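One letter stands for each residue in the lines below.
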Number of protein chains: 4
Amino acid sequence: MRFFSDNAAPVHPRVMQALVDANVQDTAYDGDRWSKALDGRLSDLFGTEVRALWVPTGTAANCLALAALCPPHGGVLCHRDAHVQNDEGGAPEFYTHGAKLILCEGAGAKLTPATLSATADAIANDVHRVQPHAVTITNATEYGLVYRPDEAAAIGEWARARGLGFHVDGARFANAVAATGASPAELTWRAGADALSLGLVKTGGMSAECLVFFRTDLADATLRRRKRAGLLFSKGRFLAAQVLAMLEDDLWLRLAAQANAGAAALADAAAGRLVHPVEANELFLRATPDEAAALRAKGFDFYDWADGEVRFVVSWDQGADAVRPLADAIRTL
Amino acid sequence: MRFFSDNAAPVHPRVMQALVDANVQDTAYDGDRWSKALDGRLSDLFGTEVRALWVPTGTAANCLALAALCPPHGGVLCHRDAHVQNDEGGAPEFYTHGAKLILCEGAGAKLTPATLSATADAIANDVHRVQPHAVTITNATEYGLVYRPDEAAAIGEWARARGLGFHVDGARFANAVAATGASPAELTWRAGADALSLGLVKTGGMSAECLVFFRTDLADATLRRRKRAGLLFSKGRFLAAQVLAMLEDDLWLRLAAQANAGAAALADAAAGRLVHPVEANELFLRATPDEAAALRAKGFDFYDWADGEVRFVVSWDQGADAVRPLADAIRTL
Amino acid sequence: MRFFSDNAAPVHPRVMQALVDANVQDTAYDGDRWSKALDGRLSDLFGTEVRALWVPTGTAANCLALAALCPPHGGVLCHRDAHVQNDEGGAPEFYTHGAKLILCEGAGAKLTPATLSATADAIANDVHRVQPHAVTITNATEYGLVYRPDEAAAIGEWARARGLGFHVDGARFANAVAATGASPAELTWRAGADALSLGLVKTGGMSAECLVFFRTDLADATLRRRKRAGLLFSKGRFLAAQVLAMLEDDLWLRLAAQANAGAAALADAAAGRLVHPVEANELFLRATPDEAAALRAKGFDFYDWADGEVRFVVSWDQGADAVRPLADAIRTL
Amino acid sequence: MRFFSDNAAPVHPRVMQALVDANVQDTAYDGDRWSKALDGRLSDLFGTEVRALWVPTGTAANCLALAALCPPHGGVLCHRDAHVQNDEGGAPEFYTHGAKLILCEGAGAKLTPATLSATADAIANDVHRVQPHAVTITNATEYGLVYRPDEAAAIGEWARARGLGFHVDGARFANAVAATGASPAELTWRAGADALSLGLVKTGGMSAECLVFFRTDLADATLRRRKRAGLLFSKGRFLAAQVLAMLEDDLWLRLAAQANAGAAALADAAAGRLVHPVEANELFLRATPDEAAALRAKGFDFYDWADGEVRFVVSWDQGADAVRPLADAIRTL
């Protein structure tokens, strides 16, 4: 049973159907009716005017956003365990033409104004030091924690006070919305965010994420950067259609809630072993090598995160019921 | 009736079915069984050991190939009307970190050793001039001509004699293979090519092209560049499955042959108006604004290429029968 | 006798003396009194408020200016024989992160609104084409012609009408000012220029050029780019002192006038052989290989520019008297 | 009295004289006799065949070296307090096209195999993580410590075992050689180094450092990168002449020994206050704000490094005698 990544899950049937429905003739690139609907659809979702672009990967979404917020000679404040720092193969540096990721601390990969200040205040404002131009947070974080609206807003305020941009890596934004019960708006633009990488692939999509600009003036140049990065699909309607299908009837949120519920059930079973609070769909457990082996022997697949620590990720198709065998197995360790 | 681009055509049903078939659980990124099958499948097709990577767009394929063949301080010889120069929004410069496209002449966007030499011989070999490191040709060309094996081989020999890499932009490689009757090998590695952007989207695919390295030593670094460009899909199996579906039973070639046949039928009807010989699936016709308007009034959609010149592209779903209404309309102009 | 390049000329004694005078203790980088004097000194020279940065080479000046005027995904219109295109080893692409030089025509390497429009009007405004963001001209041009104030202003107006930046490569700006009798202002900001690479090395300096921003808002980010390019000298006062020495008592202009006079004397001698009008300090002559050999046999050193064409450059230390032996030799060919 | 930076010191008279001597006609760029002498002169100094290029700044030397050793998608291991990380305004990222500096620990800004392993071993070898391609150390370090031959060799061996390049930032290499009594060879290529940024400006030069390649195959492409970075001076002889003057009769080493002696005398006076051992020409002292103010009131100029910590740098013109007033002042605090 798969728990090593929500990236490996299948695609939701409604997304598959959307591909079939879009397989009719229309204009190339992003001139088609699906692509053209994104701005409006996402503006509705966020309750404000946004610009929305389909992109195929979360890495592309993140890096296009950072390139829009930070010049090549600038820096982006992020957590030292952030996906942009550790898991994108240098893509932020590629897209920004060499901007520097400036690393900050924080439990559970969460930043706070205090941890941001600790790093930023030590940077003298002279030409010898790369200056921060933006902050990026991941919500839900790489360790499965979530920023609540007030926490996101505190960072937004901190950024605004220093004239910095603010980006949210929302690879698991659906899980954060589902977990907090907050509105998408509260976790983004109302908190001061300029851009959001709205992840849809981990939560049921196939190959389409959505880059949402609350600072709509950043979108036009990003259309050119998207093309320049080889990301302008000639049959772009198949990406736009995925985005629209995921958003319809809050499918994205319902699937994320299901995954969160699965994780909560597992957290219950693993109460004494949790390395981090379980707030979204990821669990990090203390487990000896023998314990890990015992779980694997029962057919559970997961990730060895660190010495004596393993990671489980619950996917959209694995709710509270589906994870019961694993919950039982953890309890009997 | 659509003739403005083969980019706007629908996706072949077998590709759609392949997506459905791949919608099962497997490993993330490119560790799945479909992705792992590409090297072997493409090695079979070309009759030599190759490394093959899925990528989502032709621009990405071209630019990853050029980045593998040319350092940032180098240059790439191409035709002045090449897609890499005019239609990729600066992606070659982005991926290569600023290598220079060095423009050459040639009728119908075809290069020859003579036109390459005319440009290359004028470049003094000193540090003030950007030096060529590679040649790229487009087969079929941007004007619908094809390089035959001996023509490709002449360029390969020219490149090898100067120590330059050799890349083939095969956005419409299927049409070139179908048109020439040559084998894929004859038009690529047997002609000295180091890498091929094997286009599959224009000829029936959805969102997967294949970057083929005949110089297999170039592949490993390209895997990293692909990730760094935000192109490593988490559910990569859906790209690999498209490639495999297109190659099965020579589907890619049969669809291209059908499009070529449609174009040939149109060429027949437009004999006196042809700007370039029609060898693949594109036609460039002389037409007055009134004539263009008359065709549009009958429901034909196409591209105004230049003053008094229009472009028609025949797609994989438009064979000789399907284009008859347009052929008739052209004849009656 | 040296006529192959004004780059090879010695340094004027007053520049040497300025180095000696600056060899006292002061602050590092550009905080010293000489560096701090540049803004004021150049503002005086141009009769408007400017920001002025020392840089060590003309290539650095040009490319910092272009990076300030053009984003990575943009393009810069220049003459196809421009120094930035042919003689800077790809530095414009390096500094701009891959912006594209878009080549235009024009006799004697001079651009006009008409030749600019011929190129620019053919570029569709879509994401597939790299869009022009700036124009750069070289005054005096690579073929020794000069733009007069009205010619420069015509280009400035053309650029402004399209929202493009306007840069002047003034490697031999002194020669252009001396030749036209125009003021530095008339040839730059009064003509709409945003930035000037003010060349001082060819006309008597050692290792300091001056990058002048008429759009003063571009200077601050350029200070960071200069540092990031490894160009912020720790003992920057030795560059600033050179600039100041060259400007004092119009030394730069007097030396350029002397070189121009030498070239004029040679042009007189070579009247029937001139490939281009001689307006500054360069001559391009038709000469057979035998004639070239005869001149070399007499000890004259110059550059074989093209088949049957040679180039002579007169340096600041070679006025009308100094070139007489060469003039005589040319006459007796 | 100046103690805030050796960057602010004057230029040694023999360097000034070398500029005068080089002010004769010769070829442009790096074709002159001085530039051509560098390979031989530096090969003599290091007792092995090297390639040696003049560059104007240490930042340029460092970053050209890193670009030669690390591809854009790679990483460079360095100390978290390294000059390349903190004081070059993002130049390493610019020159390498976005390679990542991977930060390691170590007392006094010194790396060891153990601290390198602690960082490097945590990096999984997959495409998601940027992989190390090189190690760079600074000798003497940013805190005035030196690597002795066995310490440098241990790092060289560690790097070689992992297939990584090895660069030495020698902004104060002269001080390290003088302090250790080791030969230049022992601290570089005999220790496995591939390249050295040989600093000469801080120790008496004006504007010329020397980039030395022990891996001579890296030099040719670096000549092109140097040009592309706008660093190829047209009158390059004035940089080469500085390098040669500094090396003659070991001037560079004698001046560094003098600065070291001054620092040693100060260390003696400040024994109880030292934050780091004093091994080269820098001192970091604990001092209260009142104490710092008292020293400043006596005319001493220095740098506030951190809370309760000040930095003094002794320059080439400040030997043991010259620093006595400061030594006395420190003693009487």
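See the structure above.
A brief structural summary.

Conventions used here
Residues numbered from 1 in each chain as written. Chains lettered and ligands numbered in written order. Predicted model: local features only at pLDDT ≥ 70, side-chain atom pairs only at ≥ 80, totals over all residues. Heavy atoms only, no water. Contact = heavy atoms within 4.5 Å. Salt bridge = Lys/Arg side-chain N within 4 Å of Asp/Glu carboxyl O. Polar contact = N/O pair within 3.5 Å; in protein donor to acceptor, adjacent residues only side chain to side chain. Helix = DSSP H or I, 4+ residues; strand = E, 2+ residues; numbered from the N terminus. Least-squares fit on C-alpha atoms with pLDDT ≥ 70 in both. Axes fitted to C-alpha atoms, helices over the stretch in contact; angles between N-to-C directions. Parallel < 35°, antiparallel > 145°, perpendicular 65-115°, else oblique. Left-handed = near helix turned anticlockwise from the far one by under 90°. Phe/Tyr/Trp six-rings, centres within 6.5 Å; stacked < 30°, edge-to-face > 60°. Buried < 20%, exposed > 50% of the residue type's maximum accessible area, 1.4 Å probe, protein only. Buried area = accessible area lost by both parts, 1.4 Å probe. Nonpolar A, V, L, I, M, F, W, Y, C, P; charged D, E, K, R; others polar.

1. Let's talk about the interface of chain B and chain C
Facing 15 residues of chain B, the contacting portion of chain C comprises 15 residues. Summed over the shared surface of chain B and chain C, the number is two salt bridges. B:E93 is paired through a salt bridge with C:K100; the nearest N and O atoms lie 2.7 Å apart. Applying the counting criterion to the chain B and chain C interface returns ten residue pairs in polar contact (both at pLDDT 80 or more). Of all elements in the fold, only α4 (83-86) and β3 (100-104) of chain B reach the threshold of two or more residues within the side of chain B that touches chain C.

2. Digging into the relation of the copies chain B and chain C
You can overlay chain B on chain C at an RMSD of 0.0 Å; the transform is a turn of 180° with a shift of 0.0 Å along its axis. What the superposition gives is, in effect, a two-fold axis relating one chain to the other. Relative to the rotation axis, the C-alpha of B:G98 is the closest in chain B, positioned 2.0 Å from it. Of the interface residues in chain B, 100% have counterparts in chain C that sit at the interface too, so the contact is made through matching surfaces.

3. Thoughts on the packing of helix α3 (residues 58-69) of chain C against helix α9 (residues 219-228) of chain C
The relative placement of two packed helices comes down to the angle between their axes together with the axis-to-axis distance. Residues and elements named next belong to chain C. Between α3 and α9, the least distance of the axes is 10 Å, while the angle of their chain directions is 130°. Overall, the two elements α3 and α9 adopt an arrangement that is oblique. Taken as a pair, α3 and α9 cross one another with a handedness that is right-handed. Between α3, through L64, A67 and A68, and α9, the contact on the second element is made entirely by T222, R225 and R226.

4. Comments concerning the relation of the copies chain C and chain D
Superposing chain C onto chain D takes a rotation of 180° combined with a translation of 0.0 Å along the rotation axis, leaving an RMSD of 0.0 Å. Most of the interface of chain C is mirrored in chain D, where 100% of its interface residues again form contacts.

5. A short note on the packing of aromatic side chains
Residues and elements named next belong to chain B. All chains considered together, the criterion is met by 52 aromatic pairs over all chains. Considering the side-chain rings of F46 and F214, the 5.1 Å spacing of their centres and the 75° angle between planes classify their relative orientation as edge-to-face. Taken together, the positions of F46 in helix α2 (residues 33-46) and F214 in the loop between β7 (209-213) and α9 (219-228) put the pair 168 residues apart, joining distant regions of the chain. You can call F46 buried: its relative accessible area is 1%. With centroids separated by 5.1 Å and ring planes inclined at 80°, the aromatic side chains of F284 and W305 adopt a geometry described as edge-to-face. Within this pair, whereas F284 is found in strand β8 (residues 282-286), its partner W305 is found in strand β9 (residues 303-306), the two being separated by 21 residues in sequence. You can call F284 buried: its relative accessible area is 1%. Residue classification places W305 among the partly exposed positions, given a relative accessible area of 30%.

6. A closer look at the interface of chain C and chain D
Counting residues at the interface gives 46 residues for chain C and 46 residues for chain D. Buried surface at the junction of chain C and chain D, both sides included, amounts to about 3700 Å², of which 59% is carbon and sulfur. For the pair chain C and chain D, the number of links is zero salt bridges. Inspection of the region where chain C meets chain D yields 26 residue pairs in polar contact (both at pLDDT 80 or more). Of all the secondary-structure elements, those providing two or more residues to the side of chain C that touches chain D are α1 (13-21), α3, α5 (91-96), α9 and α10 (237-247) of chain C. For the side of chain C that touches chain D, the element with the highest residue contribution is α5(C), accounting for four residues. Across the side of chain C that touches chain D, the residue classes break down as 22 nonpolar, 14 polar and ten charged.

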